[in-house]
Amino acid sequence: MDEQSFRVKVIIEVLGGPEAHVQATIKKVVEKVKELKEMKVLKDQIFETTQVEKRNLWTTFCELEMQANHIQALMDFCFDFMPSSVEILEPQKFTFTAEPISNLLNDLIGRLHQYDMFLKNAHAENISLKKKIESLES
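Note that the structure is a prediction, hence the values are computed from the model and not measured.

S.K.: Go over the pairing of strand β1 (residues 6–16), please, and point to the residues and values.
M.R.: Two faces belong to every sheet, and in a regular strand the side chains alternate between them. Here β1 shows a clear split, with Phe-6, Val-8, Val-10, Ile-12, Val-14 and Gly-16 buried on one side and none of Arg-7, Lys-9, Ile-11, Glu-13 and Leu-15 buried on the other. Two strands pair when backbone bridges link them, and β1 and strand β5 (residues 85–90) are joined in this way by 5 bridges, in the antiparallel orientation. What sits directly across from Val-8, in β5, is Ile-88.

S.K.: Which residues make up the packing of helix α2 (residues 71–81) against helix α3 (residues 98–137), and what are the values?
M.R.: With their axes 10 Å apart at the nearest point, α2 and α3 run at an angle of 15° to one another. On the basis of the axis angle, α2 is roughly parallel to α3. Relative to α3, α2 is oriented so that their crossing is right-handed. On α3, the residues that touch Ile-71, Gln-72, Met-75, Asp-76, Phe-79 and Asp-80 of α2 are Pro-100, Asn-103, Leu-104, Asp-107, Leu-108, Arg-111 and Tyr-115.

Reading the values: the criteria
- Residues numbered from 1 in each chain as written.
- Predicted model: local features only at pLDDT ≥ 70, side-chain atom pairs only at ≥ 80, totals over all residues.
- Heavy atoms only, no water.
- Buried < 20%, exposed > 50% of the residue type's maximum accessible area, 1.4 Å probe, protein only.
- Helix = DSSP H or I, 4+ residues; strand = E, 2+ residues; numbered from the N terminus.
- Pairing = 2+ DSSP bridges.
- Axes fitted to C-alpha atoms, helices over the stretch in contact; angles between N-to-C directions.
- Parallel < 35°, antiparallel > 145°, perpendicular 65-115°, else oblique.
- Left-handed = near helix turned anticlockwise from the far one by under 90°.
- Contact = heavy atoms within 4.5 Å.

Put into structure tokens, the structure is as follows:
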């Protein structure tokens, strides 16, 4: 492992239905992760699906041990796959120059602005639809 790479353990969860779809989806997620050029899957384990209590939903998760070529690859993975947990196994300590940290922060801010804009647009559409429904009910 070189100075810039990271060995991590991540958990990715899937929730939905029917059960067969959840099982197929988690397998596709693992396949997609394995296709990443800047990440190498060292170990993978997919766990059995379980039904969410008293609902027609199923859940499963996978645990992946991976090596990221650099911190940006790890951050991109986190944004793209939204793991529920990330544990950095190696290195225990690391040193960065200002540039990669600035890039990470700017990427984070950019993504947050995208999500904020999406939520504001969805909220505005929701208000508009409610007004249309109210006008039809009148």
